[in-house]
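Chains, contacts and geometry: an overview
One letter stands for each residue in the lines below.
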Amino acid sequence: MANSSKYSVLFEPVKIGPVTARNRFYQVPHCCGLGHLRPRAHAAMRAMKAEGGWAVVSTEEAELHPSSDLSPYPEQRIWDDHDIPALRLMTEAVHDNGSLAAIELVHNGNHSANLMSRAPVLAPSDMSVDLIYPKQARAMDKSDIRAFRRWHRDAALRAKRAGFDIVYVYAGHRMTLAHHFLLKEYNDRADEYGGSLENRARLMRELLEDTKEAIGDECAVALRFAVDEMMGPSGMQASAEGREVVEMLAEIPDLWDVNVSDWSNDSATTRFQPEDGYQTSYIDFVKKLTSKPVVAVGRLNSPDMMASMVRNGVVDFIGAARPSIADPFLPVKIRDDRVEEIRECIGCNICVSCDSFGIPIRCTQNPTMGEEWRRNWHPEKIQAKGRERDALVVGGGPAGLECAMQLAKRGYEVTLAEAGDQLGGRVLQEAALPGLSAWKRVADHRTYDLSQRGNVQLFLDSKLSASHIAELGISNIFVATGSSWRRDGVGRTSRAPLEIVDGASVFTPDDIMTGTVPASGPVVVYDDDQAYLAGVIAEHLAELGKKVCFVTPASMVSPWTQSTLEQTRIQTSLLQKGVDIMPHRQLRTITAGSCDVTCTFTEQAETLGCEAVVLVTERVRHTTLFDELRQAGADGFRAATLELIGDAAAPGLIADAVYSGHMAARNFEQDPSEVEAAVFRRELTALSGT
Ligand code: ADP
Ligand code: SF4
């Protein structure tokens, strides 16, 4: 065990009120799109964290009353006793793996619009709901506050009955009533719950005391509190009221779970917070003010950083949401001296995007995330090979790398051929753009793993044709040849190629990412992809000193990035770099020195002077090799297995490419009719009676 290693401090048990965590690894609450709708999937996902060594495993926010109804988002729910059996699935699974289970009780105030329950929305003061919906929250009167305290207490008692060891009071992310009461911006009350900080913190204190009184004999009571809103003096600051709150309540909770607010700051992407451990400078005062254990987050991936944070008295627990998603076995790998095997989070927020869409969680680095129950996938285990001996993977992008790695784990002799001089494919290209360097970890993790295995042969500078493959004679072939960006402008808005006049200077993202950039500006970046790439390319060109005009049929820059909590930052950054933004414009014609655009509503035309246009629209799949191999039977070579994976099969996110490679490796040598029939397991509502 790790007792002799330099990380042994991370494996000390820590007491939290009446319970004891077996080590210092703490999976803080995080959304997962499973929640109350998918309780078996939820329990299995949390249990995997416990199996991987996280001593505390938390739920996502758990709505405690119908007046906190986040529908249609499937968060956790503990409205009444009917919710207990589903929650008990999780606590039992977590306990079976030796860990403590925590529940984050929440009342979301005006952040929940109660669209399903149709209950009145509650807030400290009258205000709009935090959703574009014509509905307002009403200021809670004293009887509302008494009712809320009772609901919270009842939910805590139910949580105890469901088997939770730690119960949260949640005042963070600008998403909860306790937080709203605390923040001046939300609270203009004139009674004892408004005005001074002491008054604004009164509800939080009462909730903590009520919860301790109700269940504190057996359960620890944790406080999740955002010490700083990263808004300077216009919000709560760790140097001012944030600190005073900790001083005021220091010894009341059994555990302080501290972070920054809002969620986009707490779950900042590497694009905007490149440093892992970025929250430390905000929260490091907390432990000096309380004798109670402290947990904090901030993409803590590095064991050295973790150990030094504990040794330097910054935290007692290493908190993680995303690092525990990317690698549920992070603690076990540290314990067993397998640090180089950790799949580090790349800070891309694809996991977060799933919450934004209300769908089960997925992760770029960990394709098994969210699939623990429905596909019975384990992040560290895969079935051994069958009768076949070898496999060839063509293409070393994220799909090919993942597929090759999993096939090698299964025990096949794996040959991976890559046309370029490095492994990584699009990951390397995109990682070279501003702010995305951490994405390279997707390639690094897999390249390292493959390099450690005796049953893998890697070939670079090896662009394979069907005849090469026939010569090789390996008949199980996975084709991961990727895709490239279109040069004709076909995309969401135009299904026909644009009119591009001879002499016009047109670039694609592939050109830009491989260093072929317009010699001079102004440059129009046309975004009909509407995801993330055009925004990064515009930023890159602006940093190269080009005058950039960002043209898009969408109403904003990179609208998809709202789901990763980045859109505001991206648009702000482009504006600050002097990029002109023209929304609601469809590109029509590109000539030498100009392009014509029309308004997406009125079709009013405009001509923009520009030296070059970068088209970010759609991708073309690279299927030539696959198509040749399908025909190759005529020449005497026939593949026993031939599968197209990753972007060559369907261009999408890097996460999709990794998932596709993983799936292909798992399905290899399975009965094809079973694979075809095996829709993942679903949690269907059982109908009974009439
Ligand atoms: P994905 O996201 O599906 O992994 P990428 O575009 O990132 O797709 O990666 C595809 C990789 O396949 C690229 O690195 C490319 O160089 C490589 N490739 C494409 N065609 C061939 C080929 N015929 N032989 C070997 N490698 C190829
Ligand atoms: Fe990290 Fe991205 Fe995985 Fe989320 S999806 S855990 S940010 S690697």
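Shown above is the structure to which this text applies.
Nothing here was measured: the structure is a model prediction, and the numbers come from that model.

Criteria and thresholds
- Residues numbered from 1 in each chain as written.
- Chains lettered and ligands numbered in written order.
- Predicted model: local features only at pLDDT ≥ 70, side-chain atom pairs only at ≥ 80, totals over all residues.
- Heavy atoms only, no water.
- Disulfide = S-S within 2.5 Å.
- Buried < 20%, exposed > 50% of the residue type's maximum accessible area, 1.4 Å probe, protein only.
- Pairing = 2+ DSSP bridges.
- Helix = DSSP H or I, 4+ residues; strand = E, 2+ residues; numbered from the N terminus.
- Axes fitted to C-alpha atoms, helices over the stretch in contact; angles between N-to-C directions.
- 1 Å grid on protein atoms, 1.4 Å probe; cavity = no way out; pocket = protein on both sides within 12 Å on 5 of 7 lines; lining within 4 Å.
- Points joined across faces, edges and corners; volume = space filled by probe spheres on them.
- Nonpolar A, V, L, I, M, F, W, Y, C, P; charged D, E, K, R; others polar.
- Near = heavy atom within 4 Å.
- Polar contact = N/O pair within 3.5 Å; in protein donor to acceptor, adjacent residues only side chain to side chain.
- Areas by Shrake-Rupley, 256 points an atom, 1.4 Å probe, with all protein chains shown as cover.
- Sits in = over half its atoms within 2 Å of the grid points.
- Phe/Tyr/Trp six-rings, centres within 6.5 Å; stacked < 30°, edge-to-face > 60°.
- Patch = residues over 30% accessible without salt bridge, like charges linked within 9 Å, V, L, I, M, F, W, Y side chains within 5 Å.
- Salt bridge = Lys/Arg side-chain N within 4 Å of Asp/Glu carboxyl O.

Counting across every chain of the model gives zero disulfides. Just so you know, C31 is unpaired, no disulfide at all, and the nearest cysteine sulfur is the one on C32, 7.3 Å from it. In this structure C354 is a free cysteine whose sulfur lies 7.3 Å from that of C351, the closest cysteine sulfur available. By relative accessible area, C354 is classed as buried at 1%.

For the rest of this paragraph, the subject is the sheet that holds strand 30 (residues 641–644). Adjacent strands of a sheet form backbone hydrogen bonds with each other and so pair up, either parallel or antiparallel. Strand order in this open sheet of five strands is 17-16-15-18-30, and the pairing throughout is parallel. The outermost strands of the open sheet, each flanked by one partner alone, are strand 17 (456–459) and strand 30. With direction set aside, neighbouring strand axes in the sheet form an average angle of 15 degrees. With four bridges joining them, strand 16 (residues 413–417) and strand 17 adopt parallel strand pairing. What sits directly across from V414, in strand 17, is V456.

Before going further, it helps to spend a moment on empty space enclosed by the protein. Rolled over the atoms, a probe as big as a water molecule pinpoints where empty space is left. Under the definition given, this model contains five cavities of 30 Å³ or more. Taken as a whole, the largest cavity encloses approximately 330 Å³ of empty space. Broken down by secondary-structure element, the contributors of at least two residues to the lining of the largest cavity are strand 4 (56–63), helix 8 (263–266), strand 14 (317–320), helix 12 (322–326) and helix 14 (350–357). When the residues that make up the lining of the largest cavity are grouped by side-chain class, the tally is 14 nonpolar, six polar and eight charged. Of the volumes computed, that of the second largest cavity is approximately 170 Å³. Contributing to the lining of the second largest cavity are 17 residues, with C348, I350, W439, Y532 and W560 lying nearest its centre.

Its boundaries defined by the atoms lining it, the largest pocket holds a volume of some 1,100 Å³. Taken together, 36 residues line the largest pocket, and the ones lying closest to its centre are H111, D130, M175, W263 and L565. Breaking the lining of the largest pocket down by element, the ones donating at least two residues are helix 8, helix 14 and helix 21 (567–576). The leading source of residues in the lining of the largest pocket is helix 21, at four residues. When the residues that make up the lining of the largest pocket are grouped by side-chain class, the tally is 13 nonpolar, 13 polar and ten charged. As a volume, the second largest pocket reaches approximately 820 Å³.

A few words on the site of ligand 1. Residues in close proximity to ligand 1 total 22 residues, the closest being A399, E418, A419, R426 and D647. Contact distances for ligand 1 include 2.9 Å between an oxygen atom and a backbone N or O atom of A399. Residue E418 places a side-chain N or O atom 2.6 Å away from an oxygen atom belonging to ligand 1. Bound to the protein, ligand 1 loses 88% of the 580 Å² it would expose on its own. Judged by the proximity of its atoms to the pocket grid, ligand 1 belongs to the second largest pocket. When the residues that make up the shell around ligand 1 are grouped by side-chain class, the tally is nine nonpolar, nine polar and four charged.

Scanning the entire structure with this criterion turns up ten aromatic pairs. Ring centres of F25 and W54 lie 5.7 Å apart, and the angle between their planes is 90 degrees; on these two criteria the pair is classed as edge-to-face. Placement of the pair is F25 in strand 3 (residues 25–27) and W54 in the loop between helix 1 (39–51) and strand 4, with a sequence separation of 29 residues. With a centroid separation of 4.8 Å and 45 degrees between ring planes, the pair formed by Y412 and F668 is classed as tilted.

Residues in close proximity to ligand 2 include R322, I325, A326, C345, I346, G347, C348, N349, I350, C351, C363 and T364, which together make up its full environment. In terms of residue count, the dominant contributor to the shell around ligand 2 is helix 12 (three residues). Taken together, the residues of the shell around ligand 2 break down into eight nonpolar, three polar and one charged.

Here we come to a nonpolar patch on the surface. A cluster of nonpolar side chains, contributed by L115, L131 and Y133, occupies part of the molecular surface with about 260 Å² of accessible area. Mapped onto the elements, Y133 comes out in the loop between strand 8 (127–128) and strand 9 (136–139).

Moving on to the pattern of salt bridges. Throughout the structure, instances matching the rule amount to 53 salt bridges. Across the salt bridge formed by E12 and R24, the nearest N and O atoms sit 2.5 Å from each other. Here the residue E12 occupies a position in the segment before strand 1 (14–16), and R24 occupies one in the loop between strand 2 (19–21) and strand 3, the gap between them amounting to twelve residues. E12 gets classed as partly exposed once you look at its relative accessible area, which sits at 34%. Relative accessible area serves as the criterion here: at 10%, R24 is assigned to the buried category. What you see here is one network of salt bridges that share partners, running through R271, E539, E543 and K577.

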